[in-house]
Amino acid sequence: MSADDPLLSVKGLKIEGRSDETWNPIINGASFDLQKGEVMGLIGESGAGKSTMGLAAMGFTRDGCRISAGTVMFDGVDLVTASAADKRALLGSRIAYVAQSAAASFNPAHRLIDQHTEGPTQHNVMSRAESEADGIELYRKLRLPNPEEIGFRYPHQVSGGQLQRAMTAMAMACRPELIIFDEPTTALDVTTQIEVLASIREIVEEYNTAAIYITHDLAVVAQMSDKIKVMLKGDEVEEADTRTMLSDPKEEYTKSLWAVRSFQRPSKPAVHTSATPVISVQNVSAAYGKVPVLHDVSFDIHEGRTVAVVGESGSGKSTAARCITGLLPPTQGHIEFDGQMMPLDYRKRDRMQLRQAQMIYQMADTALNPRKTIGELIGRPVQFYMGLTGNEKRRRVEHLLEEIELEPTQYINRLPSELSGGQKQRIGIARALAAEPKFIICDEVTSALDQLVAEGILRLLAKLQDELNLSYMFITHDLATVKSIADEVVVMKDGRVIEQGPKDDMFTPPHHPYTDLLLSSVPEMDPDWLTNLLNERGVDNIGDAAVDKM
Amino acid sequence: MNIWIQIIGILVALGVLGWLFRFAGQKATNNKPFFRDMTFGVAFGYALGAAVLLWILTTYYKAITADGQVEVNKYFFFRTVIEWFVKFSIAAYLFRLVFRYVGTAGTRKLFRNMPLTASFGIMIILVYAFVAIFAGVIAPHGQEEVFAKVNVLPGGDPAIGGDPDFPLGTDQIGRDLLSRLIYGAQNTVGIAFATTCLAFLLGGTFGFLAATLGGWLDQLVSRSVDVLMAIPSLIFALLLMTIAAAWAGSNKELLTVYMVLIIAVIDSTRVFRLARAVGLNIVVMDYIEAAKLRGEGLGYLIFREILPNATAPLLAEFGLRFCFVFLTIASLSFLGVGIQPPLADWGTMVRDLGQFINFAAFSPQTASLPLLAAGAIALLTVAVNFVVDWMLHKSSGLKE
């Protein structure tokens, strides 16, 4: 191989998946080259074939899939036709893979270091002792706390962000020439994500490793990659180097992806101070068993307003919602609805009180009974609360489906499994609307969705709010969503409200230091953002380390 | 010592054959991935499979060309098993083929994706159901009818002690065995079905209640079930049947009702465990929370939200449980405390005809009588398990 031959060269790759006894195309001919030390970002919505493509770059396909055409040349070897033995020699030692969920990918029964040394000893790269010493060195480079000792812990004893870094260290163990990162930070909080991103970037640069970075987050990919490839439903849309791609996208689809973050609702006038709030949470404390999770939380939600509750996982956002719905009766404090005290336990609330506060869930998959048709799902609250039956019920369901922009005749008899993620979430909204509530809790409703789909849901929620004068409590960890939809913001940390106020105040300095950290950790589209941030704050003042200092 | 040398020699020969097979395959197909990536273990498996098949074919050839009564008797059971295996396979294949073109769009699609084992299972279950329902029409004689001719040999050939009226012969007191076998389907299968339904009603109700309500009710029911499960079930059933026999006195129908109740209660403990475990997984779903927050009652939660999502594992368990109940009844009858004479029952038939097995060497037809009843039990068990396996596979496939 001469010096300017690419390390990995994929040509005309076609992949098919088997369903209903026929082979359906998943990737319709993709080609790209990757030079030594080059990082390529692979972006697209779910179902675009990103992960399939990442695995195919290792000559591997999931069960029920096959590579039907094309070549994957890695350093002169075609991985598509290579024998199992040849592939075994390459995978792990020269090509490595980092999966989305490190928690699910580590074997919970073995210590981190034992799993780390498996690759190098198997491939005869290092002895067990050398590999252990090297592992500790890598942990130090990835800035894991206590690098000497952390390897002797079990996967459940370290946090999600640390586990993701340990996995990156494991992928690095044999100093591979190519690493495939499949959404390595998607499941992490913003402050943790930034730390992992910085570590990955640093170590990839240090060892001159080529990488394919798969993600649906454009801002993340802008920080990480030298060039970007955009995919849509198995087709290549375009490929260019990062700066060109960001400043001057060619294709309509890419432009629409770039434009997603511009959705912004106009600010509403300030609430009249004497108005009675729809929901008033007053000095609420709550505990799971004996473990306290909420401490003296108070906030008001006014008619026709959206209050965004933000914070990292474990900050008590969802617990606050459970207190309002009555699923977790608070140990102290009380909840007022339209100025009236609500019973704390949902079992003691009457039908009218239950009807007024509805909930939309994060995972539409588990929030809709998979054995019921859309008509039944939406029809039940219509019948239960409004007492409508027969044709009246059907008309109301059809009206609700129109409201959420789904064609009634086409969807009313389908099962949830026959809908896309965004459509399922819309059904969740319709079910909440069917009760004709005043107040809806939206628990991370867009975090499981692609950005374009999420934007559609946000627009729908905004439209419904204007039409029906609804109040939303919007729980999220995504500050971009907050910017686009919220009127007021409540920042939570460790079960306490750190700061609250109108959105415009919250997004203009001065902030509480924690709010500041949250805001500055949200990746921006500027490819220099991470570099600038690191220069400005120093590596020890980002992420968990900074949170711990507070 | 000699036998060990033989076994080792055969294994080594098979190993060499496997290696040669792989090597030849690689050469002949120009290193196709199938042969290229084949491990030695798989190659050995092919050689072993080929050797077993060869042995079966040569033995079968010997069986059909056997000369003289002694030789024929020697291969009688082997030949019967092979022939019925082929017959059943062809029948199952045809059965599947027919239903790929007959029936509603849904069933046609079902049969298109069905493995042969499952279509065999469904076919056998349908045949049993048909026989059980129409036993009175199909059977040539009544199950309690006693004829003057006792100990008629099966085969219907008067020359060797048979009688065309009784194709399977008669027992020691002159009852027609074919009719008793057919009525046995009605009694054994019917009672087993009723018992399983009762076990599911009990276990399912309590299991879902425990999962939904939790708390002290869950503790109380679960611990009681633990106590019941701690006692070996067959011994427990025997013990209770002995007590029940004393209560029922000479009333045989009452004793059968007691038996149904006893087995249902004992088996409902296993159903309870499953229903509770499945229920617990469903109860934590957001849609259950949504229904609770809507203010739905317990009945709606259990029957409209939980039950539809638990049908797949429960149905699979129903199949397995049915087999166990069926075997328990047959065992109890074999031990003499189950279904009481004069009602025909396969377990009792195995016990009554058991000594005929001694005639295997010179009259295999006679020896096959207890095996027919035992085979009827075994065939249904295998068939149900095939169907259950297929359903489990399907339901787990749907989850992906």
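Residues numbered from 1 in each chain as written. Chains lettered and ligands numbered in written order. Predicted model: local features only at pLDDT ≥ 70, side-chain atom pairs only at ≥ 80, totals over all residues. Heavy atoms only, no water.

A. Structural detail: the nonpolar core. By size, the foremost hydrophobic cluster in this structure holds 52 residues, and its most contacted members are Met259, Ile329 and Trp346 of chain B. Where this core is concerned, the elements lending two or more residues are α4 (69-99), α6 (116-133), α8 (177-213), α10 (233-248), α11 (252-283), α13 (298-335), α14 (346-353) and α15 (364-399) of chain B. For this core, the element with the highest residue contribution is α15 of chain B, accounting for 10 residues. Grouped together as the second largest cluster of nonpolar side chains are 48 residues, Leu368, Ile429, Val445 and Leu470 of chain A included. (Core = buried A, V, L, I, M, F, W, Y, C linked by side-chain atoms within 4.5 Å. Buried < 20%, exposed > 50% of the residue type's maximum accessible area, 1.4 Å probe, protein only. Helix = DSSP H or I, 4+ residues; strand = E, 2+ residues; numbered from the N terminus.)

B. Spatial organisation of α10 of chain B. Residue and element names in this part refer to chain B. Counted at 1.5 Å a residue, the expected span for α10 with its 16 residues is 22 Å, and the 21 Å between its end C-alpha atoms agrees. Considered for burial, the residues of α10 that qualify are Phe236, Ala237, Met241, Ala244 and Ala248. Buried residues of α10, viewed axially, fall in a sector of 130°; they line one side. Within α10, the exposed residues directed more than 90 degrees away from the buried face are Ile235, Thr242 and Ala246. Contacts from the buried residues of α10 go to α9 (215-230), α11 and α13. (Expected span 1.5 Å × (residues − 1). Arc of directions from axis to C-beta. Contact = heavy atoms within 4.5 Å.)

C. Seen up close, the packing of aromatic side chains. Residues and elements named next belong to chain B. Tallied over the entire structure, the rule returns 23 aromatic pairs over all chains. Geometrically, the ring pair formed by tryptophan 55 and phenylalanine 78 is edge-to-face, given 5.8 Å between the ring centres and 80° between the ring planes. Here the residue tryptophan 55 occupies a position in helix α3 (residues 40-64), and phenylalanine 78 occupies one in helix α4, the gap between them amounting to 23 residues. Residue phenylalanine 78 is classed as partly exposed on the basis of its relative accessible area, which comes to 21%. Judged by centre distance (5.0 Å) and plane angle (50°), the rings of phenylalanine 95 and phenylalanine 99 are tilted. Pair noted here: phenylalanine 95 and phenylalanine 99 are both in helix α4, with a separation of four residues, about one helical turn. Judged by relative accessible area, phenylalanine 95 falls into the buried class, the value being 13%. Residue phenylalanine 99 is classed as partly exposed on the basis of its relative accessible area of 29%. For lysine 87, the ring lying beneath its charged end belongs to tryptophan 84, and the centroid distance is 4.6 Å. (Phe/Tyr/Trp six-rings, centres within 6.5 Å; stacked < 30°, edge-to-face > 60°. Lys NZ or Arg CZ within 6 Å of the ring centre and 35° of its normal.)

D. Quick look at the side chain of lysine 317 of chain A. Residue and element names in this part refer to chain A. Tracing the backbone shows lysine 317 in helix α12 (residues 317-325). A relative accessible area of 6% means that lysine 317 is categorised as buried. At a separation of 2.9 Å, a polar atom in the side chain of lysine 317 contacts the main-chain carbonyl oxygen of glycine 311. Sequence-distant contacts of lysine 317, that is, excluding residues within four places in its chain, are made with Val309, Val310, Gly311, Glu312, Glu444, Met473, Ile475, Thr476, His477 and Met492. (Polar contact = N/O pair within 3.5 Å; in protein donor to acceptor, adjacent residues only side chain to side chain.)

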